[in-house]
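Residues per chain, in single letters:
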Amino acid sequence: MGNTSSMLTQYDIEEVQEHCNHAFSQQEIVSLYHRFCQLDRNSSGFITGDEFLSVPEFAVNPLSQRLLRMLDGLNFKEFVAFLSAFSPRISLQQKIEFLFKVYDFNSNGKVTFDDILSVLRDLTGSFISEQQRQEVITRVLEEAGYRRDSSLVLSDFMRVRMYYCFQYLYYKLSFRSLFTD
Amino acid sequence: MNQRVGTDSSPLRFAACESASIPLFATFIGARRRAPPARTHRQIGSQLVGRRILAAMGGLDSSSMETDLDRPNIEEYLTTETIREVPKKLHLSDLLDISPTLTEAAGAIVDDSFTRCFKSNSPEPWNWNIYLFPLWCLGVVVRYGILFPASFSWLVSLSNLISCMFCRVGVLALGWIVFFAAFLPVHFLIRGHDKWRRKIERKLVEMMCSVFVASWTGVIKYHGPRPSRRPQQVFVANHTSMIDFIILEQMTAFAVIMQKHPGWVGFIQKTILESVGCIWFNRTESKDREVVATKIREHTQGVDNNPLLIFPEGTCVNNHYTVMFKKGAFELGCAVCPVAIKYNKIFVDAFWNSKKQSFTTHLAQLMTSWAVVCDVWYLEPQYIRPGEIPIEFAERVRDMISVRAGLKKVPWDGYLKYFRPSPKLTERKQQIFAESVLKRLEEK
């Protein structure tokens with residue numbers, strides 16, 4: 001831990017911690033601040049899409065464009081709030097809320113067939129035909145008891161059993177936070 | 001040097017993690033994973049998808065996608081029953097749960113191995129108390145006021161000139177004067193005796209480099225046998241700054257491949273370095289690669305040419321990591337002599353962050369610090385082994401250099417500093433996911 005956190009006072013750290021519902025410890029917030037400053041090359045107070053894309057590991061991610069729209073123009077406090085979903089201290093319910101937000105593009109509280117289709121399109125690219133994609137989603141929705149034209153709300157997401165896979169999120173971030181300077 | 005617990009010494013931390021991308025770090029940092037406890041089929045199934053996505057990701061440039069450096073780990077990780085397992089039916093949760101991909105993205109935002117290679121780590125400040133601070137102030141006065149005096153002052157009077165002769169800018173200025181006084185006549189007047197001319201020019205360039213090194217009070221230790229002038233060999237070294245070239249040139253006159261720079265550096269490149277036989281390239285030109293490859297081949301075959309020095313990383317890295325080597329130097333069919341360079345950070349951080357400072361500022365920074373201390377190791381010449389492809393050869397040599405100089409290896413292409421990653425990498429991930437979805441769709 002270096003002592004270049006002179007720009008972040010104790011008050012700032014506590015405010016950010018409040019805002020993200022104590023998802024991160026104070027040390028982690030300082031590390032995230034260093035990372036934020038490192039990515040924000042022109043010191044404009046927020047990270048532009050281009051600056052995010054200069055991280056090759058992020059740029060090759062199929063969901064990068066979708067996430068960029070959520071990340072664009074966020075200041076540090078909101079940046080930490082965005083990442084809080086990946087913290088081990090956040091409940092499963094809040095993580096599923098975050099997942100819902102990623103799907104719910106126009107933020108109307110409902111995830112429709114088209115929303116799921118658009119995410120699947122991002123993830124599979126040109127390697128599945130559009131028709132096959134639609135067929136997959138229809139089949140899977142029907143098997144879970146929904147119709148093709150039904151829209152899912154947050155409680156539907158909660159009902160779907162996604163427990164195991166969220167364990168990825170826990171270990172990954174707690175591991176990484178030890179690395180940042 | 002920043003030492004972080006867990007970066008290269010605790011497999012325990014890795015063993016606890018289910019996250020699919022940890023093995024990527026583990027492979028390149030050298031920690032080996034222990035076999036994880038038995039899991040449910042579901043976890044392993046989704047993990048298999050995640051791992052394969054990551055194995056493809058790796059940051060390898062598109063030409064080396066076949067070398068899947070992460071693949072060997074997967075068999076030791078999974079038990080034999082699960083590998084034979086038939087893929088399960090597709091459920092809504094599989095489609096909705098995009099958390100592995102999201103975690104990848106969040107992980108990359110929080111920390112990534114590529115940006116770390118180009119970070120100048122500021123040293124821990126030591127001048128923080130009442131008796132160290134005045135000492136540091138005195139040091140600043142000595143470094144800026146005596147060792148590197150303002151260059152215009154010596155023009156003012158001869159007495160100043162004499163006193164400044166022992167100072168760095170003075171040394172450098174004097175060196176340039178002597179160099180040009182000798183070089184220009186030799187270059188333009190001695191025609192016909194080409195061999196002699198080149199010998200003298202070579203010696204002059206070596207001398208000039210020694211002057212440069214002296215002007216930063218360079219303390220350089222060379223280990224290993226000195227390079228010899230033979231055909232059919234190239235030298236490869238890790239790259240931290242343009243001064244790497246000067247340090248190596250001091251010992252032996254190399255011909256080097258360089259990017260053409262603007263300004264006074266470009267002028268020097270055009271006039272002086274032509275005489276040692278340098279090859280120019282332009283990063284931004286796409287057809288440039290074949291042209292340069294041909295020139296390199298011709299150079300190595302010429303008997304009378306200076307030995308060729310190539311920096312296969314293609315860009316300056318911060319001397320804690322090595323990025324992937326470009327295979328151009330390794331497919332020539334001649335001997336490759338690795339050279340490892342490591343700077344001692346206690347005295348000065350020699351990393352030239354070309355995005356943050358110009359070369360002139362960088363030189364000024366070097367000249368206003370106490371010394372430039374570094375170690376140079378000339379390693380044993382390597383030949384390509386039968387059945388080895390150039391990329392594997394490049395990786396093997398990169399291994400040798402990284403181990404010798406104490407650098408960590410990173411699986412990224414240095415040119416990603418200037419260009420975005422190829423869309424083929426994203427497409428590969430999409431392809432793997434698409435295939436697994438289709439396969440599971442067939443299941444009833």
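From a predicted model like this one, the values you see are computed outputs, not experimental measurements.

Student: What exactly am I supposed to notice about the overall build of chain A here?
Tutor: Looking only at helices and strands, one finds 11 helices and 0 strands in chain A. Walking chain A from its N terminus toward its C terminus, one meets helices and strands in the order α-α-α-α-α-α-α-α-α-α-α. Considering chain A as a whole, with its 181 residues, one finds that 51% of them fall into the buried category. Taking as baseline every contact in chain A between residues at least 6 positions apart, the subset at least 24 positions apart corresponds to 59%. Entry remark: accessible area of chain A is about 8400 Å², with carbon and sulfur atoms responsible for 49%.

Student: Where do I start with the nonpolar core in this structure?
Tutor: A general tendency of soluble globular proteins is for nonpolar side chains to be buried together. Formed by 68 residues in total, the largest nonpolar core has its most connected members in A:F52, A:F58, A:F76, A:L83, B:I98 and B:L102. With residues near it in sequence (within four places) discarded, A:F76 still touches A:V16, A:I29, A:L32, A:Y33, A:F36 and A:G45. Of all hydrophobic cores here, the second largest spans 62 residues; its members include B:L248, B:I268, B:V348 and B:L416.

Student: Explanation requested: unusual backbone geometry in the structure shown.
Tutor: Most peptide bonds take the trans form, and the phi angle of most residues other than glycine is negative. Residues other than glycine seldom take positive phi values, yet A:N21 does so here, at roughly 60 degrees. Take A:N21: it is sitting in the loop between α1 (10-19) and α2 (26-39). For A:N21, a relative accessible area of 48% corresponds to the partly exposed category. Unusually for a residue other than glycine, B:Q232 sits at a positive phi of about 60 degrees. Turning to its location among the elements, B:Q232 is positioned in the loop between β1 (218-223) and β2 (233-237).

Student: In this structure, what is going on with helix α15 (residues 263-276) of chain B? I would like to understand it.
Tutor: An α-helical segment advances 3.6 residues per turn. Residues three or four places apart therefore align on the same side. Residue and element names in this part refer to chain B. For α15, with 14 residues, the first-to-last C-alpha span of 20 Å sits near the 20 Å given by 1.5 Å per residue. Largest kink in α15: about 35 degrees, centred on K270. Listed in full, the buried residues belonging to α15 are V265, G266, I268, Q269, I272, L273, S275 and V276. Of the surrounding elements, those touching the buried residues of α15 are α12 (168-189), α13 (194-215), α14 (243-251), β3 (255-259), β4 (279-281) and α17 (359-367).

Student: Help me out: how do you make sense of the packing of aromatic side chains in this one?
Tutor: All told, the structure shown has 21 aromatic pairs over all chains when counted by the stated rule. Measuring from ring centre to ring centre gives 5.4 Å for B:F330 and B:F393, while their planes differ by 85 degrees; the resulting arrangement is edge-to-face. You can see B:F330 sitting in the loop between β6 (321-324) and β7 (335-343) and its partner B:F393 sitting in helix α18 (residues 390-405), a full 63 residues away along the chain. Judged by relative accessible area, B:F393 falls into the buried class, the value being 1%. Pairing B:Y415 with B:Y418 gives two aromatic rings, centres 6.3 Å apart and planes at 85 degrees, and the pair type is edge-to-face. Through a chain of ring-to-ring contacts, the aromatic side chains of A:Y33, A:F36, A:F76 and A:F79 assemble into a single cluster. It is A:R148 that lies over the ring of A:F113; its NZ or CZ is 4.1 Å from the centre. Here the guanidinium or amino end of B:K326 rests over the ring plane of B:Y415, the centre of that ring lying 4.1 Å away.

Student: I would appreciate a short explanation of the packing of α1(A) against α2(A) in the present structure.
Tutor: When two helices pack together, their arrangement is given by the angle between the helix axes and by the axis-to-axis distance. All names here are of chain A. Closest axis-to-axis distance for the α1/α2 pair is 10 Å, and the angle between their directions is 100 degrees. As far as their axial angle goes, α2 and α1 are roughly perpendicular. Taken together, the residues of α2 that come into contact with α1 (itself represented by Q10, I13, E14, V16 and Q17) are Q26, I29 and V30. Of the residues belonging to the contact of α1 with α2, the class tally is 4 nonpolar, 3 polar and 1 charged.

Student: How do you make sense of the pattern of salt bridges when you look at a structure like this?
Tutor: Should their charged atoms come close, side chains of opposite charge can pair. For the structure on display, the rule yields 16 salt bridges over all chains. As a salt-bridge pair, A:R66 and A:D122 come within 3.2 Å of each other at their nearest N and O atoms. Placement of the pair is A:R66 in helix α5 (residues 64-71) and A:D122 in helix α8 (residues 113-124), with a sequence separation of 56 residues. Judged by its relative accessible area of 24%, A:D122 is partly exposed. Of the charged contacts, one joins B:K326 and B:D413 as a salt bridge, the two residues approaching to 2.7 Å between their closest N and O atoms. In this pair, B:K326 sits in the loop between β6 and β7 while B:D413 sits in strand β9 (residues 408-413), placing the two residues 87 residues apart along the sequence. Look at B:K326 and you get partly exposed, because its relative accessible area is 24%.

Student: Would you mind showing me how to read the environment of B:I246 here?
Tutor: All names here are of chain B. Residue placement: I246 occurs in helix α14. Expressed as a C-alpha distance, the spacing of I246 and C209, which sit 37 residues apart in the sequence, is 5.5 Å. Excluding residues that lie within four positions of it along the chain, I246 makes contacts with C209, F212, V213 and W216.

About the cut-offs
- Residues numbered from 1 in each chain as written.
- Chains lettered and ligands numbered in written order.
- Predicted model: local features only at pLDDT ≥ 70, side-chain atom pairs only at ≥ 80, totals over all residues.
- Heavy atoms only, no water.
- Helix = DSSP H or I, 4+ residues; strand = E, 2+ residues; numbered from the N terminus.
- Buried < 20%, exposed > 50% of the residue type's maximum accessible area, 1.4 Å probe, protein only.
- Contact = heavy atoms within 4.5 Å.
- Areas by Shrake-Rupley, 256 points an atom, 1.4 Å probe, with all protein chains shown as cover.
- Core = buried A, V, L, I, M, F, W, Y, C linked by side-chain atoms within 4.5 Å.
- Expected span 1.5 Å × (residues − 1).
- Bend = angle between axes of the 7 residues up to and from the residue.
- Phe/Tyr/Trp six-rings, centres within 6.5 Å; stacked < 30°, edge-to-face > 60°.
- Lys NZ or Arg CZ within 6 Å of the ring centre and 35° of its normal.
- Axes fitted to C-alpha atoms, helices over the stretch in contact; angles between N-to-C directions.
- Parallel < 35°, antiparallel > 145°, perpendicular 65-115°, else oblique.
- Nonpolar A, V, L, I, M, F, W, Y, C, P; charged D, E, K, R; others polar.
- Salt bridge = Lys/Arg side-chain N within 4 Å of Asp/Glu carboxyl O.

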